[in-house]
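Residue-level listing of the chains:
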Amino acid sequence: MKNGLIKTVINKYAIIFVLFGLVLLFSLLSPYFFTLQNLTNVFVQQSYVIIATIGLSFVMISGGMDLSIGYQMSLVGVVTAILMKNIGLPVPLSILLGLLLGVALGLTNGLAAITLKVHPLIVTLGTMTVYQGISYIASNQSVILNLPPSYKAIGQGYIGGIIPISVILMIIVSIVASFILSKTSFGRYVYALGSNEEAAHLGGINVNKIKLIIFAINGLFAAIASMILFARTGSAASSTGPGTEFSAMTSAVLGGISFKGGEGKVWGIIVGVLILGVLGNGMQLVGLNTYAQFIVKGLVLLAAVGFDTYQKASAQKASIKESTN
Amino acid sequence: MEDTTILSLRGITKYYPGVVALNDVSLEFKKGEVHALIGENGAGKSTLIKIISGAIKPDKGLIEINGKQYNSLDPLHAKQNGIEAVYQEFNLVDSLSVAENICFGEQNGFLIDFKKMYEKAKKIFDDMQVDIDVKARVSDLSTAQQQLVEIAKSISRNAKLLIMDEPSAPLSVSEVEKMFDIVRNLKKSGVTIIYISHRLDELFEISDRVSVLRDGQYIKTLETSRTNPKELISLMVGRELTESFPQKRGTIGATALELKNVCGNGLKDISFTLRKGEILGIAGLVGAGRTELARLIFGADKLISGSVLINGKPVRIHLPVDAINLGIGLIPEDRKRQGCFLEKDVSWNISISNLRSLLKWKTVVDKNKEKSLAEDFYDRLNIKTPTLMQKVKNLSGGNQQKVVLAKTLATNSDIIIFDEPTRGIDVGSKQEIYHLIRDLADQGKAILMISSEMAELIGLSDRILVMYSGRITGEITKEEFSQDRILELASGLN
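Residues numbered from 1 in each chain as written. Chains lettered and ligands numbered in written order. Predicted model: local features only at pLDDT ≥ 70, side-chain atom pairs only at ≥ 80, totals over all residues.

Chemist: How should I be thinking about the overall build of chain A in this particular structure?
Modeler: On a plain count of helices and strands, chain A comes out with 14 helices and two strands. Considering only C-alpha atoms, chain A reaches an extent of 70 × 55 × 35 Å along its principal axes. Taken across its 325 residues, chain A has 47% of its residues classed as buried. (Helix = DSSP H or I, 4+ residues; strand = E, 2+ residues; numbered from the N terminus. Buried ≥ 20, exposed ≤ 12 C-beta atoms within 10 Å, placed from the backbone.)

Chemist: When you look at the interface of chain A and chain B in this model, what are you seeing that I'm missing?
Modeler: The figure often quoted for interface size is the accessible area lost as the parts come together. The partner chain B presents 38 residues to the 23 residues of chain A that form the contact. Every element with two or more residues in the side of chain A that touches chain B is listed here: α9 (185-195), α10 (197-202) and α14 (290-322) of chain A. Class assignment of the residues belonging to the side of chain A that touches chain B gives a composition of five nonpolar, 13 polar and five charged. (Contact = placed C-beta atoms within 7 Å. Nonpolar A, V, L, I, M, F, W, Y, C, P; charged D, E, K, R; others polar.)

Chemist: Sorry if this is basic, but what is going on with the nonpolar core here?
Modeler: When a protein is soluble and globular, its nonpolar side chains tend to lie buried together. Grouped together as the largest cluster of nonpolar side chains are 161 residues, with contacts concentrated most on A:I224, A:I275 and B:I447. The leading source of residues in this core is helix α11 (residues 207-233) of chain A, at 16 residues. Counting 67 residues, the second largest nonpolar core, distinct from the first, contains B:A43, B:A78, B:V86 and B:A99. (Core = buried A, V, L, I, M, F, W, Y, C linked by C-beta atoms within 7 Å.)

Chemist: Sorry if this is basic, but what is going on with the sheet that holds strand β15 (residues 313-315) of chain B here?
Modeler: One key point about sheets: their strands pair by backbone hydrogen bonds, in either a parallel or an antiparallel sense. All names here are of chain B. Pairing is antiparallel in the open sheet, where four strands are placed in the order β12-β11-β14-β15. Edge positions in the sheet fall to β12 (267-275) and β15, since each of these pairs with one other strand and no more. Put simply, the sheet's adjacent strands are angled 20° from each other on average, direction ignored. Note that strand β14 (residues 305-310) and β15 share three bridges and pair antiparallel. From the neighbouring strand, L309 faces β15, where its bridge partner is P314. (Pairing = 2+ DSSP bridges. Axes fitted to C-alpha atoms, helices over the stretch in contact; angles between N-to-C directions.)

Chemist: Quick question: what am I supposed to make of the sheet that holds strand β13 (residues 279-284) of chain B here?
Modeler: Residue and element names in this part refer to chain B. The strand order across the open sheet formed by six strands is β16-β19-β20-β13-β21-β22, and the pairing between neighbours is mixed. Edge strands, defined here as strands with exactly one partner in the open sheet, are β16 (328-331) and β22 (471-477). Looking at each pair of strands side by side, their axes are set apart by 20° on average, direction ignored. Bridge count for β13 against strand β21 (residues 463-468) is five bridges, and the pairing is parallel. Among the inter-strand pairings, I282 is bridged to a residue of β21, identified as L465. Strands β13, β16, β19 (415-419), β20 (446-450) and β21 of the sheet are contacted by helix α9 (residues 290-297), whose axis makes an angle of about 150° with β19. Those strands touched by helix α15 (residues 427-442) are β13, β19 and β20, and its axis lies near 150° from that of β20.

Chemist: When you look at the environment of A:V59 in this model, what are you seeing that I'm missing?
Modeler: Residues and elements named next belong to chain A. Along the chain, V59 falls in helix α3 (residues 36-61). Assessed through the 29 C-beta atoms surrounding it within 10 Å, V59 is described here as buried. Considering only alpha carbons, one finds V59 and G161, 102 residues apart in sequence, at a separation of 36 Å. Excluding residues within four positions of it along the chain, V59 makes contact with G64, M65, D66, P120, I214, F215 and N218.

Chemist: Help me out: how do you make sense of the packing of helix α4 (residues 69-86) of chain A against α11(A) in this one?
Modeler: Two packed helices can be described by the angle between their axes and the distance between those axes. All names here are of chain A. For the pair α4 and α11, the least separation of the axes is 8 Å and the interaxial angle reads 60°. Considered as vectors, α4 and α11 are oriented oblique to each other. Here α4 and α11 pass one another in a crossing that is right-handed. Contacts from I69, Q72, M73, V76, G77, T80 and A81 in α4 reach N218, G219, A222, A223, A225, S226, M227, L229 and F230 in α11. Residues belonging to the contact of α4 with α11 are distributed by class as follows: 10 nonpolar, six polar and no charged. (Parallel < 35°, antiparallel > 145°, perpendicular 65-115°, else oblique. Left-handed = near helix turned anticlockwise from the far one by under 90°.)

Chemist: Help me out: how do you make sense of the environment of B:S347 in this one?
Modeler: Residue and element names in this part refer to chain B. Relative to the assigned elements, S347 resides in helix α12 (residues 346-351). Its 23 C-beta neighbours within 10 Å are what place S347 among the buried residues. On a C-alpha basis, the gap between S347 and A55 in space is 33 Å, while along the polypeptide they are 292 residues apart. Residue contacts for S347: discarding those within four places in its chain leaves E370, K371, A374, L388 and M389.

Chemist: Is there a simple way to explain the pairing of β12(B) in this structure?
Modeler: In regular strands, side chains alternate between the two faces of the sheet. Bridge count between strand β11 (residues 255-264) of chain B and β12(B): six bridges; the pairing is antiparallel. Directly across from B:G264, in β12(B), lies its bridge partner B:L267.

Chemist: What am I meant to see in the confidence of the model for chain A here?
Modeler: Detailed conclusions should not be drawn from predicted coordinates in areas where pLDDT is low. All names here are of chain A. Scored by pLDDT, chain A has a mean of 89; 94% of the residues are at 70 or more. Within chain A, no element has a lower average pLDDT than helix α1 (residues 2-12), which sits at 67, and none a higher one than α11, at 96. Under a pLDDT of 50 for its full length, residues 320-325 has, in the predicted model, 19 contacts with residues more than four places off or in other chains. (pLDDT = per-residue confidence, 0-100.)

Pasting the structure below:
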C-alpha cells in the first residue's frame, strides 16, 4: 500500500505544502519577498499571533473556545503600561504583574464556564465585553505614549543584532507548549477532555481542575502575546489587541485544530499562522489592497476547512468499511 | 406465513479495502415471516442490511424485490418498495412531537394539518395497542417509547419489510415482551421482519426462520423450530461453543465494600455488602436504578445520605478520581459515550486513567512504560487489533469493550463495577469477558456486575441483588437462583 502511504503523508502535511507553495509563488511574483529582511519581518509580525494561537489551542483542543483573548491582551497591555508609566513601577515588576493579570483573566473565564455550566464560547462572549469595558475605563480612552525602552525591547530588540527577541520568545513558548501537549500527563488530559469529556470524567480525570489550568495557560500566553504586541507598537491603547482572537481562530483551524476538540499539534498552529502571515505579506508586496487581502484570506480558510472535512469524510468512509458490522 | 418471496438476494458481494465484507451471499425472505439474522460481530450483518436499505451498493449480485430486479438500491427506491429500518440509533427529531415524527416528510402543501396528523398517529398507536401521547415531545419519552415511535413511523409509511437491528438492546424485559407483541401483529398483517439480535433466546421466541452469517459468508438458513441455541452458536463461531460459564475457583473473603442506608440519585435506602472474591449480580429492569447505583458508588453522582465503607472504613467519594484512588473501578454502560476515546489509539486509551504510574520526573509520560502496559493488556485480554496505534473507533464492539476493560484494570482496582459488560458484543468476546470477570474474582477482587441478561447473571454471579424503582427488593443466593424469582422481584411483585 505504498500509494496509501504517500496519500497519508500528503493529507497529514498538506498545510506545509501549502505554505511552501505560497512562499514559492510570492518569490516568483515579487523580488522583495524572498529576502532575509522580509522573511524576518514576517516572523516578527507573526510571533505574537503564534503565541496567542498556541494559548487558544489549549482551550480548543480541550473542546472549548475563547473569544476574549483580544481584549485580554488589550487589558493586560494597558494595565502594564499604566503600572510602568503612570504609577512608575519598575519594568520587570510591571511585566510580572501584567502576566499575573493575564492568568487571572484566564482563570475568570474558566471559573465562569465551570460554575455557570455554559459553553466557554458563550461565557467568553460575555467576559470579552467586560474586559473591553475595563480596558477602556483603565486607559481613560487615551493612548499612553513613550513606553520605556527596556519594555519596547521585547517587541523591537534583537539579540546579537540579528535574532529578534520576540521570535526567541515565540520559539521558547512553542517548545514549552509542544512539550506540555505531547509529552506530559497534563497534555494527555487536555486531549482527553476534547475527545470525550464524559469518558474523561469517569476515567478519573479531574475535569474542572484541568479546565481551570487550561484557561490559566491561555490567559498567560495571551498576556505574553500582549507584551510583544504593545512593546512593538511602543504605546498603549485599548484598541490594540482585539481582532487577534479571529486571526488566532483562523490560524488554529488552518493548522488542524478541530472545533470539536481532541485534535491538533503545535507545529500545525505555527504553520497555520505563517500561511496567513505569508499571504498578507506577499499580497502587500504584490500590491493587492487590504480589502482584497481579506477576501483571499477568507477563501483560504474556507478551502482549508473544506479540504479537512473532505479528508475526514473519506477517512471515515474507509474506517466504516474496515469496521463494518 | 405465506410462501411468496418478497425479497431475494443473489450472489451479493461487497469488498472493502483488504476485506470481503460479504462473499456471494444469497438469501430469500418470505412475505409475513420473522427472519432472524445472526452472526458474530464482523460477520457481515450490518453490511447486508445496509445493502437492503439502500445505504450502500454491493459490488456484485442482484436484489429482487416485488418481482423487480436491481443491481443496487438507494434509500429512495428502498422506501418505495416498502423497506423500512429501525436502527439501534434512532432517527427521530427530539424537539418535535411524536405525531410530527411519525408523519415526518408526508405533509403536502404549505400548512400542516395538525388535527389530521394527530389522528393518524393515534390510529397507528391504537392498532399497535400502545398508549403514548401523540403530542408529547420525543425528547420526553423513554428509550422504549422512542423505539415504538420509530416502529410507528415505519408502519405509517406502509412498511412491507421492516429491518430491526438489535431492537431489544435498550429495552427491559417487560418492554421486550411488548415489542414482541407488536412484531407478531405486524407479521399477522403481512409485514416481513428481518430481526437482528445477539440474544439467542429472543430468536427462539419470535422468529420463524434464522439465517447465519460468518465472516461475510452465508452459512445456513434454518427453521427456528427445528434448531437449538447450541447448534446456532456452533454455526456462528464455526466451532462447538457451550454457553457455559467459568467455574469458581477462589474463595470468598472479607467484606470489601459496604453501603449503609444510601440515598441519592433516585436511590432509596440502599444497604448491602460486597466481599472479596465475590461476584455480586445486580438485576432489575431498565430504570430500576442500577446504573444510578454504580455512578453513586463511583462518585459520578452525589450521595445525599447514608455511608459507604471500604474494608470497614467509612470513605467519602466526591469525584470518580476519589473512587479510583480508593481502588474502585467502573466499566460504564455505554462504551462509546462513557468508556473510550474513539479518536485515540488503543495504547492511549489503556493508559489514560493510569498515567500517574507511567510518569518519569513526575510529569512526562514514559513511552516505554506505556508500551509495556498496553502490550501486557493486549496479551492478557486478547485484544484483536492490527497494532496498538490503531484508533479505537476502528475496532469491533467486543474489542472496544476489551480496551475499556484494560483501561479500568490498569488502575489496579480491588473493587470493580461492571455495568452491562457484554452489551452488544459477539459471542466469542462474551465468553472471554466472562472468564476475565471470574478470574478477577478468583484473584480476590470484589465484583459488582449489573446486567440485563438473565443467563449472564445466573451463570456468573455468586449472589444476586434485585432492584426495583430505586430500592433493593431482594437478595437471592446461588442455590435459589431462578429466572422467575428474579423477574418477580424486578417487577416489584413482592
